[in-house]
Amino acid sequence: MPADTSTLDPLFKDVYGPGIKNQMPDEVPLLKSFETDAETAQFQGREAVVAVKVNRNRGGYANVEGGAAPTAGNVQIENFRIPIRYQHYAIRATIPAMKASQSNKGAFARVWQLEMDELMDSIKYNRLFHLWGDGRGVRALINGEPSTGTTVTLDAPGGVAGANHGNRFLNVNDEIVAINPLSGLLRAGGTRRVTAVAADGTTATVAAAIDSAWADNDYIVKAYGTDASVTLANTEWQHAPMGMLGMVDNGTYVNTYFNLSRTTYPILQSTRIASVGSLSADIVQRALDVAMQIGSASIKEHWVHPDTRRAYLTLMENDRRYTNQYLMNPNAGTNIASGQYDDSLGFGPGKIKVDPHAPYGMWFGLDPRSAVRYVLPGDNEWVSESGAVMRWVSGTADTFEAFYRVFDNFCLLRPNQSFRLEGITTSFVIAHVI
């Protein structure tokens, strides 16, 4: 028998690459629009209180010589009350795992450092989900009366109506619960761990049988862990920071905006145009014009999902002209083909920016001048009040854990300076964001 790679297999070594190649996307573009002066955005106590003018002094009129004096009026001031929202994240590892990974010879990365670095990326992505939401923490709705099996059919990703990609904001190992949409109370049965999400976007599989109390149109939200008797306090329901669906809104998702009713004070309503259908330059300009009239808006950023950006590119395709050097090389596509987050595309002077977490078929026109992230001291740091980041897990021989915290909330102080288009016809593609 000749000597070949099969007969001499024990002779050969495996050659490993120099490190771990990250397969996860890690861009968080929208967060940058809410960066602000740390001094002006920090607060303490129960909540941040911001005085807002909701009506002018109306005590005046055009009259005749010697006419009656006008009835005195006054400016109307109300208060936004912006609560702090708390987020905590955890890592855990054993001492043997940490010691076995102390050198390049033994491991691709140091276990503890790897877990810390990975958690930072995970936090950014979870916060992006919140920043595109409406403060309720809804990941999806149950679509149809579920059985007591282990597969649940979903729709309305992020709480946005629509049958496409119901499992969009769920991933393997998420712990979820069901919320009764009428009462806002937990359904029976406790948490269920997600073990699989269907590639067609319609279902999620969980580790244990679904409780018979779960019902059609229940809200699916994340919870802290496996717990048959979990309470609302340990779920994301109504505990998430405020997001774009609630800030750039006219009351469709959030009518009471930081303590003030948008029905009572319509000046707090954003421009919203629903059921747009085919996108046109006129509909975008109409939204810009209305936001300018009611809020003196200066829209610098247009935020869309890639599906809506494609609809915009299609809108312009027939008007594209090739001149000078481009006549010899009339390539299809535009500059944005080189990068997902390239913002060289625009509507007028405003940049069109994309985010994979943005709702399908929506267009957000954002005036970032009033975008604020409020923070509490202790925000964005590892918990270390005990004197160290690593803490021994009680009842174990050599397991340690660490916690990271984020104390913040987001606000548009002038929601009438932004707009939202809905129901834009797009070429929908399921691309599950991990």
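Use the structure listed above.
Residues numbered from 1 in each chain as written. Predicted model: local features only at pLDDT ≥ 70, side-chain atom pairs only at ≥ 80, totals over all residues. Heavy atoms only, no water.

Overview of the sheet that holds strand 6 (residues 175-179)
Phase 1: Around the barrel, six strands lie side by side as 4-5-8-7-6-9; this closed barrel has antiparallel pairing. Taken pair by pair, the neighbouring strands of this sheet meet at an average axis angle of 50 degrees, ignoring direction.
Phase 2: One ladder, built from three bridges, connects strand 7 (residues 192-197) with strand 8 (residues 203-206); its direction is antiparallel. Across the sheet, residue Ala 196 finds its bridge partner in strand 8, namely Thr 205. (Pairing = 2+ DSSP bridges. Helix = DSSP H or I, 4+ residues; strand = E, 2+ residues; numbered from the N terminus. Axes fitted to C-alpha atoms, helices over the stretch in contact; angles between N-to-C directions.)

Side note on the environment of Thr 264
Phase 1: With respect to the helices and strands, Thr 264 occurs in the loop between strand 11 (260-261) and strand 12 (271-273).
Phase 2: Of the residues examined, Thr 264 reaches a relative accessible area of 53% and is grouped as exposed. (Buried < 20%, exposed > 50% of the residue type's maximum accessible area, 1.4 Å probe, protein only.)

What to know about the pairing of strand 6
Phase 1: Burial analysis of strand 6 places five of its five residues in the buried class, which makes it a mostly covered element.
Phase 2: Alternating residues of strand 6 divide into Glu 175, Val 177 and Ile 179 and Ile 176 and Ala 178, and every residue in both groups is buried.
Phase 3: Sheet topology note: the strand 6/strand 7 ladder contains two bridges and is antiparallel. Of the residues in strand 7, the one forming a bridge with Glu 175 is Arg 193.
Phase 4: Summarising the sheet, strand 6 and strand 9 (residues 219-222) pair through four bridges and their orientation is antiparallel. For Val 177, the partnering residue across the bridge sits in strand 9 and is Val 221.

What about the sheet that holds strand 21 (residues 419-421)?
Phase 1: Taken in spatial order, the six strands make up an open sheet running 12-21-16-13-15-14, and their pairing is mixed. Both outer strands of the open sheet, strand 12 and strand 14 (346-347), are each paired with one neighbouring strand and no more.
Phase 2: Across three bridges, the pairing between strand 12 and strand 21 is parallel. What sits directly across from Ile 273, in strand 21, is Leu 421.

Quick look at a positive patch on the surface
Phase 1: Positive charge collects at one region of the surface, where Lys 53, Arg 56, Arg 58 and Arg 414 lie side by side.
Phase 2: Secondary-structure assignment places Arg 414 in the loop between strand 20 (399-412) and strand 21. (Patch = residues over 30% accessible without salt bridge, like charges linked within 9 Å, V, L, I, M, F, W, Y side chains within 5 Å. Areas by Shrake-Rupley, 256 points an atom, 1.4 Å probe, with all protein chains shown as cover. Salt bridge = Lys/Arg side-chain N within 4 Å of Asp/Glu carboxyl O. Lys, Arg positive; Asp, Glu negative; His and termini not counted. Charge placed at Lys NZ, Arg CZ, Asp CG, Glu CD.)

What to know about the packing of aromatic side chains
Phase 1: Going through the model one piece at a time under the given rule, you end up with 14 aromatic pairs.
Phase 2: With a centroid separation of 5.1 Å and an interplanar angle of 55 degrees, the aromatic rings of Phe 129 and Phe 169 are classed as tilted. Of this pair, Phe 129 sits in helix 3 (residues 111-131) while Phe 169 sits in the loop between strand 5 (151-155) and strand 6, and the two are 40 residues apart along the sequence.
Phase 3: Judged by relative accessible area, Phe 129 falls into the buried class, the value being 8%.
Phase 4: You can call Phe 169 buried: its relative accessible area is 9%.
Phase 5: Between Arg 136 and the ring centre of Tyr 219, over which it is positioned, the NZ or CZ distance is 5.1 Å. (Phe/Tyr/Trp six-rings, centres within 6.5 Å; stacked < 30°, edge-to-face > 60°. Lys NZ or Arg CZ within 6 Å of the ring centre and 35° of its normal.)

Let's talk about the side chain of Lys 222
Phase 1: With respect to the helices, strands and loops of the structure, Lys 222 is situated in strand 9.
Phase 2: At 3.5 Å, the side chain of Lys 222 and the side chain of Asp 174 are in polar contact.
Phase 3: Excluding residues within four positions of it along the chain, Lys 222 makes contact with Asn 126, Arg 139, Asp 174, Glu 175, Ile 176, Thr 235 and Glu 236. (Polar contact = N/O pair within 3.5 Å; in protein donor to acceptor, adjacent residues only side chain to side chain. Contact = heavy atoms within 4.5 Å.)

Observations concerning the pairing of strand 9
Phase 1: Neither face of strand 9 is open: one carries Tyr 219 and Val 221, the other Ile 220 and Lys 222, and all of them are buried.
Phase 2: In this sheet, strand 9 lies alongside strand 4 (residues 140-142) in antiparallel orientation, the contact comprising two bridges. Looking at the pairing, Ala 140 lines up with Ile 220 of strand 9.

Some points on helix 3
Helical geometry note: an α-helix holds 3.6 residues per turn, so side chains three or four residues apart project in the same direction.
Phase 1: The first and last C-alpha atoms of helix 3 sit 30 Å apart over 21 residues, in line with the 30 Å expected at 1.5 Å per residue.
Phase 2: All of the buried residues in helix 3 are Trp 112, Met 116, Leu 119, Ile 123, Tyr 125, Asn 126, Arg 127, Leu 128, Phe 129, His 130 and Leu 131. (Expected span 1.5 Å × (residues − 1).)

A look at the pattern of salt bridges
Phase 1: Tallying each qualifying case throughout the model produces 19 salt bridges.
Phase 2: One salt bridge in this structure joins Arg 369 and Asp 367, with 2.7 Å as the shortest N-O distance.
Phase 3: Of the residues examined, Arg 369 reaches a relative accessible area of 54% and is grouped as exposed.
Phase 4: The partner of Arg 405 in a salt bridge is Glu 381, and the shortest N-O contact between them spans 2.5 Å. Placement of Arg 405 in strand 20 and of Glu 381 in strand 18 (residues 381-382) is noted, with a sequence separation of 24 residues between them.
Phase 5: When its relative accessible area of 30% is taken as the criterion, Glu 381 is described as partly exposed.
Phase 6: Overlapping salt bridges, with partners in common, bring together Asp 249, Arg 262, Arg 272, Arg 420 and Glu 422 in one network.

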